[in-house]
Amino acid sequence: AQRVTQPEKLLSVFKGAPVELKCNYSYSGSPELFWYVQYSRQRLQLLLRHISRESIKGFTADLNKGETSFHLKKPFAQEEDSAMYYCALSGHGGGKLIFGQGTELSVKP
Amino acid sequence: DVKVTQSSRYLVKRTGEKVFLECVQDMDHENMFWYRQDPGLGLRLIYFSYDVKMKEKGDIPEGYSVSREKKERFSLILESASTNQTSMYLCASSLLQGGTEAFFGQGTRLTVV
């Protein structure tokens with residue numbers, strides 16, 4: 001069965017500190033992994049996807065198939081990074097898009 | 001500018017009412033999704049459609065049905081609303097192939113009293 005697990009409901013860090021938001025998944029096949037972000041009073045939007053292998057707003061995420069993880073990292077958190085972050089998964093051929101429970105990131109000044 | 005538009009931002013309905021939530025996208029996307037968003041539970045997939053008149057159940061389809069008569073429109077129906085269906089409902093669309101970005105509507109906050 002497809003499943004995405006984000007073990008932390010809330011992550012609170014100070015500005016300039018490193019951030020790692022954890023995501024583990026369960027999927028039989030080749031998954032496509034994503035991170036979506038929802039800033040206050042805004043729509044949910046794509047932050048990054050593993051196939052792009054790019055850094056967006058200083059965030060990166062590496063797909064580790066052995067550990068079935070796709071953790072989101074940023075070396076120096078900024079206050080504007082405060083938001084709700086969701087890890088998501090779909091199959092390589094498309095289909096259902098399944099989300100995790102979400103992690104609220106709070107960056108304090 | 002890509003758009004997914006949900007017909008209502010806020011709705012208040014009575015227990016037992018039949019409720020329709022409408023979603024329209026203008027990107028010619030094949031996939032459309034309905035989720036409910038609850039604190040601590042994240043986004044849970046209710047139904048998914050990959051083509052006109054095609055649908056698949058998500059993780060929590062009980063108490064809901066959907067309709068997709070046209071490619072651009074995907075409707076969520078609560079046959080008999082109950083208080084435990086009070087939630088934020090999000091619609092999304094994407095291209096058919098995997099790995100593509102999903103675009104979300106602004107959400108409908110439904111309160112069932």
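Check the entry above for the structure.
Note that the coordinates shown come from a computational prediction; the quantities given were computed from them, not determined experimentally.

Asker: Explain the pairing of strand β9 (residues 83-91) of chain A residue by residue, including any values.
Answerer: Residue and element names in this part refer to chain A. The buried count for β9 comes to 8 of 9 residues, which makes it a mostly enclosed element. The pairing of strand β5 (residues 31-38) with β9 spans 8 bridges and is antiparallel. By the bridge assignment for β9, Tyr 36 is matched with Tyr 86. As paired elements, β9 and strand β11 (residues 103-108) share 3 bridges and run antiparallel to each other. Directly across from Tyr 85, in β11, lies its bridge partner Thr 103. In this sheet, strand β10 (residues 94-99) lies alongside β9 in antiparallel orientation, the contact comprising 3 bridges.

Asker: Tell me about the interface of chain B and chain A, residues and numbers included.
Answerer: At the interface, 25 residues of chain B touch 23 residues of chain A. When chain B packs against chain A, the two sides together hide about 1,800 Å² of surface, and 54% of this comes from carbon and sulfur. Where chain B touches chain A, the interface holds 0 salt bridges. Joining chain B to chain A, the criterion identifies 8 residue pairs in polar contact (both at pLDDT 80 or more). Listed by contribution, the elements that provide at least two residues to the side of chain B that touches chain A are β4 (31-38), β5 (42-51) and β6 (54-57) of chain B.

Asker: Break down the packing of aromatic side chains for me, with residues and values.
Answerer: What the rule picks out here adds up to 12 aromatic pairs over all chains. Consider the rings of Phe99(A) and Tyr35(B), whose centres lie 5.3 Å apart with planes at 90°: the pair is edge-to-face. Of this pair, Phe99(A) sits in strand β10 while Tyr35(B) sits in strand β4, on two different chains. One exposure class covers both Phe99(A) and Tyr35(B), and it is buried. Joined through ring pairs, the aromatic side chains of Phe34(A), Tyr36(A), Tyr86(A), Phe99(A), Phe33(B), Tyr35(B), Phe48(B), Tyr50(B) and Phe104(B) make up one cluster.

Asker: Could you give me a rundown of empty space enclosed by the protein, with the residues and numbers involved?
Answerer: Tallying each qualifying case throughout the model produces 1 cavity of 30 Å³ or more. There is about 70 Å³ of room inside the largest cavity. Counting residues per element, the ones that place at least two in the lining of the largest cavity are β10 of chain A together with β4 of chain B. At 4 residues, the largest contribution of residues to the lining of the largest cavity is made by β10(A). Here the residues of the lining of the largest cavity are counted per class, giving 5 nonpolar, 9 polar and 1 charged.

Asker: Summarise the state of the cysteines; cite the residues concerned and give the values.
Answerer: Using the criterion set out here, one finds 2 disulfides over all chains in the structure. Two residues share a disulfide in this structure: Cys23(A) and Cys87(A), whose sulfurs sit 2.0 Å from each other. As the torsion about the S-S bond is roughly -65°, the Cys23(A)-Cys87(A) disulfide counts as left-handed. Within this pair, whereas Cys23(A) is found in the loop between β3 (19-21) and β4 (24-26), its partner Cys87(A) is found in strand β9, the two being separated by 64 residues in sequence. The class for Cys23(A) is buried, based on a relative accessible area of 0%. Cys23(B) shares a disulfide with Cys91(B); S-S distance 1.9 Å. Taking the torsion about the S-S bond as the criterion, the Cys23(B) to Cys91(B) disulfide, at about -80°, is left-handed. Here the residue Cys23(B) occupies a position in strand β3 (residues 19-25), and Cys91(B) occupies one in strand β9 (residues 87-94), the gap between them amounting to 68 residues. Given the relative accessible area of 0%, Cys23(B) is considered buried.

Scoring rules and cut-offs
- Per chain, residues are indexed from 1 in the order of the written sequence.
- Both sets of labels track the order of writing: A upward for chains, 1 upward for ligands.
- Only residues with pLDDT of 70 or above have their local features reported here, since the model is predicted, and side-chain atom pairs are shown and tallied only from 80 upward, although totals for entire chains, interfaces and linings are computed over all residues.
- Water and hydrogen atoms were dropped before computing side-chain values, which therefore reflect all heavy atoms in the structure.
- Note on classification: 1.4 Å probe, protein chains only; a residue is buried when its accessible area is under 20% of the maximum for its type, exposed when over 50%, partly exposed between these limits.
- Under the DSSP-based scheme used, a helix requires at least four consecutive residues in state H or I and a strand at least two consecutive residues in state E, with every element numbered from the N terminus.
- Any two strands with at least two DSSP-identified bridges between them are counted as paired.
- Here a residue-residue contact requires only that any non-hydrogen atoms of the pair lie within 4.5 Å.
- What counts as buried area is the accessible surface, traced by a 1.4 Å probe, that two parts surrender upon association, with contributions from both included.
- The working definition used for a salt bridge is a side-chain nitrogen of Lys or Arg within 4 Å of a carboxyl oxygen of Asp or Glu.
- Definition of a polar contact: a pair of N or O atoms within 3.5 Å, with one able to donate and the other able to accept a hydrogen when the atoms are protein atoms, and with sequence-neighbouring residues admitted only if both atoms are side-chain atoms.
- The criterion for an aromatic pair is that two Phe, Tyr or Trp rings (for Trp, the six-membered ring) have centres within 6.5 Å, with stacked assigned to planes under 30 degrees apart, edge-to-face to planes over 60 apart and tilted to the rest.
- Using a grid of 1 Å spacing that covers the protein atoms alone, one calls a set of points a cavity when a 1.4 Å probe fits there but cannot get out, and a pocket when the set is open and has protein on both sides within 12 Å along at least five of seven lines; lining residues are those with an atom within 4 Å of a point.
- Grid points are joined across faces, edges and corners, and a volume is the space filled by probe spheres set on the points.
- In this count, Pro and Cys sit with the nonpolar residues alongside Ala, Val, Leu, Ile, Met, Phe, Trp and Tyr, while Asp, Glu, Lys and Arg are called charged and the others, Gly among them, polar.
- Note that a disulfide, as used here, is simply two cysteine sulfur atoms within 2.5 Å.

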